[in-house]
Structures are given as structure tokens and as C-alpha cells.
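Letter by letter, the chains look like this.
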Amino acid sequence: MTPEKMRDYLAKHAPELEAVELADAHTTDYISREWKVLPAQVAKTLMLRVGDNAMIVVTCGDSRLDNRKVKDALGGKGRMISGPEASELTGHPVGGITPLCLATPLPVFFDVRLKRFAEVVTAAGSTHAAIRIPLVRFAELVGAKWIDVCQDQ
């Protein structure tokens, strides 16, 4: 995905948001340090396949999936989708995947642990871009369903 496509998407669907170009790659550590947010506030976008169905699961940046919870919430064992396939499905490079501006419509699920934050940071379709976004607005834009799929900390 090009930065122009994300800007066009935001202009049309969320003009109040801005994709910020970054000097370094979008990593949890970098965003947390530079933007002064908790690592958990850096939304981690995971691509899973359950049975034949591809889907996106967004979690806190410091969370880990709980396989039992994934099976219960999504109806089967979740397997991570390979980087090349994830990029093809989303239109975003690995490291820049976000549920915004997808190449292929996919179901999107947000882990309930994100609800402790009013605002999160997500990748912006590039390894060197990010978006600071109110969580409620983020969920609304991507049609997210709330599920409990991460380990208790």
C-alpha cells in the first residue's frame, strides 16, 4: 500500500485522523517511546485462519493469544497466516498491517483488553507510518466485534 492510498482512505472515511510518517520502522518499542504511550496501547494486528476463514485479530501490543480462548471465541483452532499471504489479503506489508483500508474485506475482531484505553496507535499500511486513533472510532471504522482471546496478565 502506498501512503497516498491511506491518506485517500482517511480523507474519505475519517478526515479527523492523520497517518504520521515515522523516521524508524513502526514497532511497539519505538511507538511507545517516541509517542509516550504504553506498549499495550500500540495495537497489534494479527492475521489468523480458523478453518478456511481468514480474519484479523487486534490485540494490545504486549498481549499474547490464548489458544483455548481463540478456539472458544472463533469456533476453531487459530493458525497464523504467513507474511506473504497476510500482505496479499490486506494490501499492507508485514509490519504495517492494519485493519484500515483493506484490499480484501475481512472480519475484524478486537480483544477486550483494548477497552482500557481511550486511544491506541495502529500501523498505517506502511512499516514507517502510524495513526493515533480513539479506540471507539477505530472499532467503528473497521466494524470490529469484541472478543476475549488473550492470556490474562
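Everything here concerns the structure above.
Scope of this entry: the structure provided in the associated data block.

Quick notes on the rules
Residues numbered from 1 in each chain as written. Predicted model: local features only at pLDDT ≥ 70, side-chain atom pairs only at ≥ 80, totals over all residues. Heavy atoms only, no water. Core = buried A, V, L, I, M, F, W, Y, C linked by side-chain atoms within 4.5 Å. Buried < 20%, exposed > 50% of the residue type's maximum accessible area, 1.4 Å probe, protein only. Helix = DSSP H or I, 4+ residues; strand = E, 2+ residues; numbered from the N terminus. Contact = heavy atoms within 4.5 Å. Phe/Tyr/Trp six-rings, centres within 6.5 Å; stacked < 30°, edge-to-face > 60°. Pairing = 2+ DSSP bridges. Axes fitted to C-alpha atoms, helices over the stretch in contact; angles between N-to-C directions. Polar contact = N/O pair within 3.5 Å; in protein donor to acceptor, adjacent residues only side chain to side chain.

Moving on, we get to the nonpolar core. Ranked by size, the top nonpolar core spans 35 residues in total, and within it Met6, Phe110, Ile131 and Phe138 carry the most contacts. Broken down by secondary-structure element, the contributors of at least two residues to this core are helix H1 (3-13), strand E3 (53-59), helix H4 (83-90), strand E5 (108-111), strand E7 (129-134) and helix H5 (135-142). The element best represented in this core is H5, accounting for five residues. Ignoring sequence-local partners within four residues, the contact set of Phe138 consists of Ala43, Val58, Thr98, Pro99, Leu100, Phe110, Val120, Thr122 and Ile133.

For the structure on display, the rule yields two aromatic pairs. Judged by centre distance (5.0 Å) and plane angle (55°), the ring pair of Phe110 and Phe138 falls under tilted. Separated by 28 residues along the polypeptide, Phe110 in strand E5 and Phe138 in helix H5 bring together distant segments of the chain. For the pair shown, Phe110 and Phe138 are each scored as buried. Centre to centre, the rings of Phe110 and Trp146 are 5.3 Å apart; their planes meet at 85°, and the pair counts as edge-to-face.

A few words now on the sheet that holds strand E1 (residues 19-21). An order of E1-E7-E6 is seen for the three strands of this open sheet, with the pairing classed as antiparallel. Of all the strands in the sheet, just E1 and strand E6 (119-123) have a single pairing partner and so form its edges. Within this sheet the neighbouring strands show an average axis-to-axis angle of 30°, counted without direction. As paired strands, E6 and E7 are joined by five bridges and run antiparallel to one another. If you follow Thr122 over to E7, its bridge partner there is Ile131.

By the element assignment, Thr98 lies in the loop between H4 and E5. The exposure class of Thr98 is buried, given its relative accessible area of 0%. For Thr98, the side chain forms a polar contact with the side chain of Thr122, separated by 3.1 Å. When residues no more than four places from it in sequence are discounted, the contact partners of Thr98 are Met6, Thr45, His92, Thr122, Ala123, Ala124, Gly125 and Phe138.

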